Amino acid sequence: MSHTYYSTVPTDASTTARAYGRDLDCSPKSGRNVARAIKGMPVGRAKTFLQEVADLKTPVPFKVRVRKIHHRRGEGFGPGKWPVGVVTRFLKVLESAEANAEYKGLDKERLVISHASAYQGTVTQAFTPRAQGRATAHYNRKCNFEVIVTQIGEEEAAAALVSKAEQRAAKKSAKKEA
């Protein structure tokens with residue numbers, strides 16, 4: 001089996017933990033959008049978000065390859081989907097990174113996702129039988145996930161717990177008062 005290499009190196013190994021999911025059976029296209037959606041989130045909020053997507057309550061905003069993807073309900077929400085298979089596999093990788101951080105002695109409450117990426121893994125060719133002895137080739141694409149979590153300071157952790165929606169609401173109220 002070949003070696004697995006991360007696409008980035010953490011700056012401070014003592015305050016970071018990482019996990020890698022190799023050749024997972026899910027879509028690389030949806031994986032990129034899920035990784036983009038959770039990057040920069042605190043681990044607790046990211047796990048909640050991924051669980052809501054798996055329960056079909058919150059869609060994942062798609063920013064990459066959005067042709068023929070419909071806009072979703074909500075204020076200012078563009079194209080999005082509910083990639084349940086991708087989210088469940090990404091959740092396992094994220095929980096693995098969290099367990100690695102706990103093993104290193106990092107505080108679980110102060111962990112933030114500093115790097116999350118998904119890219120295409122192994123591609124296998126398969127054939128679908130057709131009429132009159134013919135066959136059509138199709139490709140099964142696997143996906144690789146990597147997550148790096150970093151422990152941040154207590155002040156930064158308190159600010160990170162405030163959701164983006166709450167930040168927008170506070171900005172709007174500040175504009176109205178001014």
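Before any of the text, the structure's been laid out above.
Residues numbered from 1 in each chain as written. Predicted model: local features only at pLDDT ≥ 70, side-chain atom pairs only at ≥ 80, totals over all residues. Heavy atoms only, no water.

(A) Examining the overall build of the protein chain more closely. Helices and strands together make up the secondary structure of the protein chain, namely five helices and five strands. The order of helices and strands in the protein chain, counted from the N terminus, is β-α-α-β-β-α-β-β-α-α. Counting across all 178 residues of the protein chain, residues that qualify as buried make up 33%. For the protein chain, the proportion of contacts with a sequence separation of at least 24, taken over those separated by at least 6, is 68%. Accessible surface, the protein chain as shown: approximately 11500 Å² in total, 51% of it carbon and sulfur. (Helix = DSSP H or I, 4+ residues; strand = E, 2+ residues; numbered from the N terminus. Buried < 20%, exposed > 50% of the residue type's maximum accessible area, 1.4 Å probe, protein only. Contact = heavy atoms within 4.5 Å. Areas by Shrake-Rupley, 256 points an atom, 1.4 Å probe, with all protein chains shown as cover.)

(B) Expanded view of the nonpolar core. Ile38, Ile113, Phe145 and Val149 are the most contacted members of the largest nonpolar core, which totals 34 residues. The set of elements that each furnish at least two residues to this core consists of strand E1 (16–24), helix H1 (28–38), helix H2 (43–54), helix H3 (84–104), strand E4 (111–129) and strand E5 (135–151). Apart from residues lying up to four places away in sequence, Phe145 is in contact with Ala19, Tyr20, Gly21, Leu24, Cys26, Gly31, Val86, Arg89, Phe90, Val93, Ser117 and Ala118. (Core = buried A, V, L, I, M, F, W, Y, C linked by side-chain atoms within 4.5 Å.)

(C) Region of the structure containing H2. Between its terminal C-alpha atoms H2 stretches 16 Å, which fits the 16 Å expected from 12 residues at 1.5 Å a residue. For H2, the set of buried residues is Val43, Ala46, Phe49, Leu50 and Val53. Projected down its long axis, H2 shows its buried positions confined to an angular sector of 120°, all on one face. Contacts made by the buried residues of H2 are with H1, strand E2 (60–61), H3, E4 and E5. Looking one or two places after H2, you find Leu56, whose phi comes out positive at around 60°. (Expected span 1.5 Å × (residues − 1). Arc of directions from axis to C-beta.)

(D) Structural context of the packing of H1 against H2. As a packed pair, H1 and H2 sit with axes 10 Å apart at the nearest point and diverge in direction by 140°. Here H1 is positioned oblique relative to H2, judged by the angle of their axes. Helix-helix and strand crossings are classified by hand; for H1 and H2 the assignment is right-handed. On H2, the residues that touch Val34, Ala37 and Ile38 of H1 are Ala46, Phe49 and Leu50. (Axes fitted to C-alpha atoms, helices over the stretch in contact; angles between N-to-C directions. Parallel < 35°, antiparallel > 145°, perpendicular 65-115°, else oblique. Left-handed = near helix turned anticlockwise from the far one by under 90°.)

(E) Here's a closer look at the side chain of Ser30. In this structure, Ser30 sits in helix H1. Look at Ser30 and you get buried, because its relative accessible area is 9%.

(F) Up close: the sheet that holds E1. Ordered by their spatial adjacency, three strands build an open sheet running E1-E5-E4, and the pairing between neighbours is antiparallel. Either end of the sheet is taken by a strand with one partner, and the two such strands are E1 and E4. Averaged over all pairs of adjacent strands, the angle between their axes in this sheet comes to 10°, without regard to strand direction. Bridge analysis of E4 against E5 gives 16 bridges, and the strand direction is antiparallel. Among the inter-strand pairings, Ala116 is bridged to a residue of E5, identified as Val147. Docked against the sheet, H1 engages E4 and E5, running at close to 175° with respect to E4. Against the sheet, H3 engages E1, E4 and E5, with an angle of about 150° to E1. (Pairing = 2+ DSSP bridges.)

(G) Expanded view of H3. The terminal C-alpha atoms of H3, which comprises 21 residues, lie 30 Å apart, in line with the 30 Å expected from a rise of 1.5 Å per residue. For H3, the complete set of buried residues consists of Val86, Val87, Phe90, Leu91, Val93, Leu94, Ala97, Glu98 and Ala101. Where H3 is buried, its residues meet E1, H1, H2, E4 and E5. Where H3 ends, the next residue or the one after it, Gly105, has phi of about 90°, a positive value.

Functional significance is not addressed by these values, which are geometric in nature.
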